[in-house]
Amino acid sequence: MKISIKKFVILIIVVTPLFFYKSFVIHNPKSSECKIISSKIIELREGPTFDIQFKGDDGKSFYINRGIESGLNLDTLNAKVLNKTVTLHLPKMIYGPSKHIAQLAVEDQIIYSEFKD
């Protein structure tokens, strides 16, 4: 089967945005598609667009997308995670793990989760 250059270019124009969308947008993450890390949280604050930003003692930062809108409270989170080692599930992206927190736990207690499974 021979494909013309024009059809090939159209195919690339259609497929490329879809590929980048799937590679950079986090939608309905699953536990099996995440990297699990531990980090001691030394700071948290409200970020732009109602995100909650976390800073680890290693200087890395993470966030819960629209965490304030989801009903999370900064004072409550502060009491539960500040200066404690947490377990984070970070969705894997084409370029490595994201900074987006899909699940946050302290010891065996899940504080926040986007998982539906």
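Above this text you will find the structure in question.
Residues numbered from 1 in each chain as written. Predicted model: local features only at pLDDT ≥ 70, side-chain atom pairs only at ≥ 80, totals over all residues. Heavy atoms only, no water.

1. Structural notes on the nonpolar core
And step 1. The biggest cluster of nonpolar side chains holds 18 residues, and the ones touching the most others in it are Phe 54, Ile 64, Leu 77, Val 81, Leu 88, Ile 101 and Leu 104.
And step 2. Those residues in contact with Leu 104 that sit more than four places away from it in its chain are Phe 54, Ile 64, Leu 77, Val 81, Val 86, Thr 87, Leu 88, Gln 109, Ile 110, Ile 111 and Tyr 112. (Core = buried A, V, L, I, M, F, W, Y, C linked by side-chain atoms within 4.5 Å. Buried < 20%, exposed > 50% of the residue type's maximum accessible area, 1.4 Å probe, protein only. Contact = heavy atoms within 4.5 Å.)

2. Thoughts on the pairing of strand β3 (residues 61-64)
Successive residues of a regular strand alternate their side chains across the two faces of the sheet.
And step 1. Judged by which residues are buried, β3 turns out to be one-sided: Phe 62 and Ile 64 face inward and are buried, whereas Ser 61 and Tyr 63, on the alternate face, are not.
And step 2. Strand direction decides the pairing type here: strand β2 (residues 52-56) and β3, joined by 4 bridges, are antiparallel. Residue Gln 53 lies in a different strand from β3, and its bridge partner there is Tyr 63.
And step 3. Counted along the chain from β2 to the antiparallel partner β3, the turn is 4 residues long, and its residue Gly 59 has a positive phi close to 90°. (Helix = DSSP H or I, 4+ residues; strand = E, 2+ residues; numbered from the N terminus. Pairing = 2+ DSSP bridges.)

3. Here we look at helix α2 (residues 74-81)
And step 1. Where α2 begins, the side chain of Asn 73 points an oxygen toward the backbone nitrogen of Asp 75, at a separation of 2.8 Å.
And step 2. Downstream of α2 by one or two residues, Asn 83 has phi in the positive range, about 65°. (Polar contact = N/O pair within 3.5 Å; in protein donor to acceptor, adjacent residues only side chain to side chain.)

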